[in-house]
Number of protein chains: 2
Amino acid sequence: MRDQYYEQLDRIVDDLVTLTTTVRRSVADSTTALLHADTTIAEKVIDAGRDIDASIDEVEERALVVLATQQPVATDLRQIVAALRMLADLQRMNALAVHVSKVARRRVPESAVPLTIQPTIRSMASVADSMIEKAARIVGNRDLTAAAALEVEDDEMDRLRADLFRVLLDGSWEHGMEAAIDLALLGRYYERLGDHAVNMARRVVFLVTGELPVTN
Amino acid sequence: MRDQYYEQLDRIVDDLVTLTTTVRRSVADSTTALLHADTTIAEKVIDAGRDIDASIDEVEERALVVLATQQPVATDLRQIVAALRMLADLQRMNALAVHVSKVARRRVPESAVPLTIQPTIRSMASVADSMIEKAARIVGNRDLTAAAALEVEDDEMDRLRADLFRVLLDGSWEHGMEAAIDLALLGRYYERLGDHAVNMARRVVFLVTGELPVTN
């Protein structure tokens, strides 16, 4: 009975890592769709979004069954509650990848990102990718050294977003209002992706050290 | 022992309703700060945000204690898990009110919302207010008739956001890039406030009817 219980707990952690990796791929694909104005990839992300949501619901249901049938206490209980919170983070990250893909699709055959801004968006996407990769590692291996690196990347994301807004507002913008608004929202989406990765990491740090995470 | 247990459960529901009402006031205040370029009110919302976060953490901690000590099953367990999810919604709604207030404060002595757009933002804020009021009612009284009305208001919010974007993009915009970008983000913040109210309601509908909520 206890063996089965720990198997169930381990499986939930494994599923969290797998889902995080899947969402990471969706985010990367959504960036490709965005920069290359690629409808096929955009629609792949949008369609996959539904399957990812269903997988998240399925893991959540399983976590609730463990809660109901095994009645875990102390650390085990906190672990399952943390898993439920992380599933909510993953659900939002998946939704954000879908948002990015919908912006990409709406602007085809153009890219929603003018050429001069592509390096900034590419950097934001690259930081988000690295943050999500670290979140997966932290969830899977409780690698707390990665958590500190993640906070540094979160600051880098803030800087990139500030750069993006500076370019939009410095008076030399030549790409029209629609591109500016899309970019303002895209900046927000990538920033939120980073926030969710940080949230996931902080939940694990809290589990391991008992120190309260600082919320965004 | 069981009496105390139900008292604890009831108190968590009461606290959810109180917190929802508190967050509703923050959202209303943030709109006032925004439309009237009022630094004092903006800072009141920003300061209150920290206290609201602390209250949310305190209720969450109490819900975890009930989970750990009373080991609820079936409906009671689902109720506490739903409460944890709703606390996460309230945390985000509070953060969004703070975001709106920070936009307001940054643009003082001007309002971030040009006069011609004030009716649209006022309508979005009014719909958000009504949605949060209904969410509180649904959580407090399990008033499922309000849930249907809430979905209608969610559609109204989508329409208002589309109106806002049409005005920004119809080529006649005269208020500059900063105002346009602020409005694009403000539109997103009010829309997300509505989404969270809908999420809260759907959690209650699911608890009562057992029907799976449709996610945003």
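One can find the structure itself at the top, above this paragraph.
For clarity, every value in this text was computed on a predicted model and none was experimentally measured.

(A) A look at the overall build of chain A. What chain A contains, in helices and strands, is 6 helices and 0 strands. In chain A, the succession of helices and strands from N to C terminus is α-α-α-α-α-α. Over its C-alpha atoms chain A spans a radius of gyration of 19 Å, differing by no more than 12% from the 17 Å that the globule rule assigns to 216 residues. Expressed as lengths along the three principal axes of its C-alpha atoms, the size of chain A is roughly 65 × 35 × 20 Å.

(B) A look at the pattern of salt bridges. All names here are of chain B. Summed over all chains, the structure comprises 44 salt bridges over all chains. Asp129 is the salt-bridge partner of Arg24, the closest N and O atoms lying 3.0 Å from each other. Residue Arg24 is found in helix H1 (residues 2–36), and its partner Asp129 is found in helix H4 (residues 118–141); the two are separated by 105 residues along the sequence. By relative accessible area, which is 28% here, Arg24 ends up partly exposed. Note on Asp129: relative accessible area 23%, which makes it partly exposed. The residue Glu191 makes a salt bridge to Arg161 at a minimum N-O spacing of 2.7 Å. Here Glu191 is found in helix H6 (residues 176–209), whereas its partner Arg161 is found in helix H5 (residues 144–169), with 30 residues between them in sequence. Arg161 matches Glu191 in its accessibility class, with the two residues each being buried.

(C) Representation of the interface of chain A and chain B. Contacts between the two partners involve 35 residues from chain A and, on the opposite side, 35 residues from chain B. Summed over both partners, the interface of chain A with chain B buries about 3,100 Å², with 59% contributed by carbon and sulfur atoms. Per-residue buried area on chain A facing chain B is highest for Arg85, Met177 and Arg188 of chain A; these three make up 19% of the total on that side. Where chain A touches chain B, the interface holds 6 salt bridges. Of the charged contacts, one joins Arg78 of chain A and Glu61 of chain B as a salt bridge, the two residues approaching to 2.8 Å between their closest N and O atoms. Where chain A touches chain B, the interface holds 5 residue pairs in polar contact (both at pLDDT 80 or more).

(D) Molecular detail of the packing of helix H5 (residues 144–169) of chain A against H6 of chain B. Viewed as axis vectors pointing N to C, H5 of chain A and H6 of chain B meet at an angle of 135°, and their least axial separation amounts to 9 Å. In this view, H5 of chain A runs oblique relative to H6 of chain B, as classed from their interaxial angle. Note on element contacts: H6 of chain B touches H5 of chain A through Met177, Glu178, Ile181 and Leu185 of chain B, opposite Arg161, Phe165, Leu168 and Leu169 of chain A. Looking at the contact of H5 of chain A with H6 of chain B residue by residue, the class counts come to 6 nonpolar, no polar and 2 charged.

Analysis parameters
- Residues numbered from 1 in each chain as written.
- Chains lettered and ligands numbered in written order.
- Predicted model: local features only at pLDDT ≥ 70, side-chain atom pairs only at ≥ 80, totals over all residues.
- Heavy atoms only, no water.
- Helix = DSSP H or I, 4+ residues; strand = E, 2+ residues; numbered from the N terminus.
- Rg over C-alpha atoms; globule rule 2.2 N^0.38 Å.
- Salt bridge = Lys/Arg side-chain N within 4 Å of Asp/Glu carboxyl O.
- Buried < 20%, exposed > 50% of the residue type's maximum accessible area, 1.4 Å probe, protein only.
- Contact = heavy atoms within 4.5 Å.
- Buried area = accessible area lost by both parts, 1.4 Å probe.
- Polar contact = N/O pair within 3.5 Å; in protein donor to acceptor, adjacent residues only side chain to side chain.
- Axes fitted to C-alpha atoms, helices over the stretch in contact; angles between N-to-C directions.
- Parallel < 35°, antiparallel > 145°, perpendicular 65-115°, else oblique.
- Nonpolar A, V, L, I, M, F, W, Y, C, P; charged D, E, K, R; others polar.

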